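The lines below spell out each chain.
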Amino acid sequence: MDFRLGSEADAFRGIVREFLDEHLTDEIRERAHETGTVHDWDFHRALGERGWIAASWPVEYGGQGRSPYELTAMREELRLAGAPTDGLGNTLIVARTINHLGSPELKEELLPRVLRGEMIFALGYSEPDAGSDAAAAKTRAVRDGDEWVINGQKMFTTLAHEAAYVLLLARTDPDVAKHQGLTMFLVPLDAAGVEITPVHTLGGERTNVTYYTDVRVPDRLRVGDVDHGWEVATVALAFERGGMGLTESDRMWRQTVEWASTTERAGAPVIDDPLVRDRLARVAIANEVAKLLAYRVSWVVASGGVPSIEGSMHKLFYAERFQTAVAELMDMLGPEAVLAHGADDAPVDGWVEHQYRHAPVTTIYGGTSEVMRNIIAQRGLGLPRA
Ligand SMILES: Cc1cc2nc3c(=O)[nH]c(=O)nc-3n(C[C@H](O)[C@H](O)[C@H](O)COP(=O)(O)OP(=O)(O)OC[C@H]3O[C@@H](n4cnc5c(N)ncnc54)[C@H](O)[C@@H]3O)c2cc1C
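Just so it is clear, the model here is predicted, and its values are computed rather than measured. (Residues numbered from 1 in each chain as written. Predicted model: local features only at pLDDT ≥ 70, side-chain atom pairs only at ≥ 80, totals over all residues. Heavy atoms only, no water.)

### Notes on the packing of aromatic side chains
So, step 1. Counted under the stated rule, the structure contains five aromatic pairs.
So, step 2. Consider the rings of Phe 12 and Trp 52, whose centres lie 5.3 Å apart with planes at 85°: the pair is edge-to-face. Residue Phe 12 is located in helix H1 (residues 7–23), and its partner Trp 52 is located in the loop between helix H3 (41–50) and helix H4 (68–81); the two are separated by 40 residues in the primary sequence. The same class applies to Phe 12 and to Trp 52, which are both buried.
So, step 3. In textbook terms, an aromatic cluster arises when at least three aromatic residues are bridged by ring pairs, as seen for Phe 12, Phe 19, Phe 43 and Trp 52.
So, step 4. The residue whose ring lies beneath Arg 66 is Phe 12, and the NZ or CZ to ring-centre distance is 3.8 Å. (Phe/Tyr/Trp six-rings, centres within 6.5 Å; stacked < 30°, edge-to-face > 60°. Helix = DSSP H or I, 4+ residues; strand = E, 2+ residues; numbered from the N terminus. Buried < 20%, exposed > 50% of the residue type's maximum accessible area, 1.4 Å probe, protein only. Lys NZ or Arg CZ within 6 Å of the ring centre and 35° of its normal.)

Structural data, given as structure tokens:
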């Protein structure tokens, strides 16, 4: 067993670090934090210019053919540096889905612009009454010649206010079993009849509700076959959970160690306190396990497999342990821990407080912990359907 990513990935990691030193400024991080829009156009375009939007894609599709290990190293560095990459994440999911299931015309029309970093995508599955059960979507698409007319509402359409298109799951046949009557579309977010309303979350993140009133979408923007949208969604979800490298918890841990090493309490550095060291060690261990679960996902991909169970294992473990970690660190920091980023005397510059509010959502989006457990139980362990 080898717990490293290999020399090629290490070399690429060095190149990514140099890139981040040049392109990722404190101003960009602060802007993402203040607005809750975890995307920055200058940074995203710089990634595009480097050819790193889809660095792992084959060269003939506009990528650089980088290995899953190199990709993991790159994601780790982006995460550790606190780069605003939600736009990149969403866009890769949709671009891979288009590449997998889209028509040749759709690929030609959209993918070159995506790879240059000129546009991003939003994901439009969830509705007020269809979250974990995304196949219960009620948003309707009715055919009218070469066009479709879309009416409905999507909940939590993150980055819809920056994206060019939303990958939208719509009901095209209401008279069949729910998984069978769905179709996937790319709906231009500047089309007439689209309305975007912001939602500001407890974690400081901005997401949106999107409303669709008689929105006309040409048939060429359909992804996959009519009434086979659930298959498209399944592919997209596998890409979404397929390993994320390091987590927000690693950056938070490093920031806290740095703070504890440079801050004094009762005449000694905070980190000299054995109870502090104990907490930091526990968080470090959880982070290390999460990292190895992510490396396992990379290994499955590198071996030609689809990491649906391993991706769920990683997602479940990291999100739940992240919540434990933020609680442990808040407790360790004492009453001042509730001071937010920007407040005088906020320990760790308020970043633990920020993660304390952000961590709850990680067991919700991308599939809840219960849904991850169901996937592991049914597909991984062969247990009966709950
Ligand atoms: C900040 C944020 C950003 C988001 N961004 C996006 C986005 O960009 N695009 C998008 O489409 N969606 C997005 N989502 C939506 C997210 O995917 C859903 O919130 C999530 O799938 C859960 O759905 P729900 O909120 O309707 O909860 P529900 O599905 O109603 O779940 C409620 C509870 O029931 C449990 N539960 C549900 N079904 C089962 C089951 N079968 N077995 C056991 N327990 C179950 C859940 O685990 C949960 O605890 C976002 C959500 C948030 C909060």
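### Section: the side chain of Glu 127
So, step 1. Among the secondary structure elements, Glu 127 is positioned in the loop between strand E1 (121–124) and strand E2 (140–144).
So, step 2. Once residues lying within four places of it in the same chain are set aside, the contact partners of Glu 127 are Ala 137, Lys 138, Thr 139, Gln 153, Lys 154, Met 155 and Leu 169. (Contact = heavy atoms within 4.5 Å.)

### Looking at the site of the ligand
So, step 1. Of all residues adjacent to the ligand, which total 15 residues, the nearest are Ser 132, Phe 156, Thr 158, Thr 368 and Glu 370.
So, step 2. Between an oxygen atom of the ligand and a side-chain N or O atom of Thr 368, the distance comes to 2.7 Å.
So, step 3. Protein contacts shield 64% of the accessible area of the ligand, which totals 970 Å² for the unbound molecule.
So, step 4. A class-by-class count of the residues in the shell around the ligand yields six nonpolar, seven polar and two charged.
So, step 5. Counting contributing residues per domain, the shell around the ligand is built from domain 2 (122–238) and domain 3 (242–380), each supplying no fewer than three. (Near = heavy atom within 4 Å. Polar contact = N/O pair within 3.5 Å; in protein donor to acceptor, adjacent residues only side chain to side chain. Areas by Shrake-Rupley, 256 points an atom, 1.4 Å probe, with all protein chains shown as cover. Nonpolar A, V, L, I, M, F, W, Y, C, P; charged D, E, K, R; others polar. Domains from an automatic or database assignment.)

### Here we look at the domain arrangement of the chain
So, step 1. Domain annotation of the chain identifies domain 1 (7–84), domain 2 (122–238) and domain 3 (242–380).
So, step 2. Facing the 13 residues of domain 1 at the interface are 19 residues of domain 3.
So, step 3. When residues of domain 1 are sorted by the area they lose upon contact with domain 3, His 33, Arg 79 and Leu 80 head the list and together hold 45% of the total.
So, step 4. The interface formed by domain 1 and domain 3 holds zero salt bridges in total.
So, step 5. Here domain 1 is connected to domain 3 by five residue pairs in polar contact (both at pLDDT 80 or more).
So, step 6. Elements with a minimum of two residues in the side of domain 1 that touches domain 3: helix H2 (26–35) and H4.
So, step 7. Per element, the largest residue contribution to the side of domain 1 that touches domain 3 is eight residues, and it comes from H4. (Buried area = accessible area lost by both parts, 1.4 Å probe. Salt bridge = Lys/Arg side-chain N within 4 Å of Asp/Glu carboxyl O.)

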